[in-house]
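Given next are the chains, with one letter for each unit.
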Amino acid sequence: MPALAAREPADLVPLGKTNFMAENDITRQPIQNGKSRLAVHRFPGGGGLVWCVASAPDTTKDLAGQIHDVLAAIDALLVAGGTTRSRIVKAEVVVTDHDRKPDFDAIWREWIPAGCGPVRSFVESRMPDGDLVEVIATAVLPAEA
């Protein structure tokens, strides 16, 4: 597969008559293998979106321990991106055992602020050995950010 070419000014996507989206309006916190754990897109004029992903740093913990670690990591990533868990609009939860959904839900309900529940999916998937849960979140940046 050929490498993707760098975007040239002529390839910019127009936003109205004077604003253009460019690569510098997206910041990323990269990790290995061409992935990022955090990406932030700022809209012209303020606000934007934050995407982040976390899995447990200690895979020797049980599911509850991993959930707490993952949600703490999501908190830290959201703050690094300029927002908080109360502004999450979408969450994707991946687990190795769908039957453990009630266990996840109990911890999630304690973590997510009342009235701020995002659109959320919960799916079972194979994951690397020891990983029991991964969370991918999309949050909105405040307009003044």
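In this text, all values refer to a predicted model and were calculated from it rather than measured experimentally.

Scoring rules and cut-offs
Residues numbered from 1 in each chain as written. Predicted model: local features only at pLDDT ≥ 70, side-chain atom pairs only at ≥ 80, totals over all residues. Heavy atoms only, no water. 1 Å grid on protein atoms, 1.4 Å probe; cavity = no way out; pocket = protein on both sides within 12 Å on 5 of 7 lines; lining within 4 Å. Points joined across faces, edges and corners; volume = space filled by probe spheres on them. Nonpolar A, V, L, I, M, F, W, Y, C, P; charged D, E, K, R; others polar. Salt bridge = Lys/Arg side-chain N within 4 Å of Asp/Glu carboxyl O. Phe/Tyr/Trp six-rings, centres within 6.5 Å; stacked < 30°, edge-to-face > 60°. Helix = DSSP H or I, 4+ residues; strand = E, 2+ residues; numbered from the N terminus. Buried < 20%, exposed > 50% of the residue type's maximum accessible area, 1.4 Å probe, protein only. Lys NZ or Arg CZ within 6 Å of the ring centre and 35° of its normal.

Caption draft 1: Geometry of the layout of surface pockets. Here the largest pocket defines a volume of roughly 320 Å³. Considering the residues around the largest pocket, the lining is formed by Ile31, Gln32, Lys35, Ser36, Arg37, Val53, Ala54, Ser55, Ala73, Leu77 and Glu134. In terms of residue class, the lining of the largest pocket is made up of 5 nonpolar, 3 polar and 3 charged.

Caption draft 2: Inspection of the pattern of salt bridges at higher detail. The full count for this structure, using the stated rule, is 6 salt bridges. Beyond isolated ion pairs, a larger network of salt bridges with shared partners links Lys101, Asp105 and Arg120.

Caption draft 3: Examining the packing of aromatic side chains more closely. Counted according to the given criterion, the structure contains 3 aromatic pairs. Seen from their ring centres, Phe104 and Trp108 are 5.8 Å apart, and the 25 degrees between their planes marks the pair as stacked. Here the residue Phe104 and the residue Trp108 both occupy positions in helix 2 (residues 101-111), the gap between them amounting to 4 residues, near one helical turn. For the pair formed by Phe104 and Trp108, the shared burial category is buried. A connected cluster of aromatic rings, assembled from ring pairs, spans Phe104, Trp108, Trp111 and Phe122. The aromatic ring of Phe122 is capped on one face by Lys101, whose charged end is 5.7 Å from the ring centroid. Cation over ring: Arg120 sits above Trp108, and NZ or CZ is 5.2 Å from the ring centre.

Nothing here speaks to function; it is all geometry.
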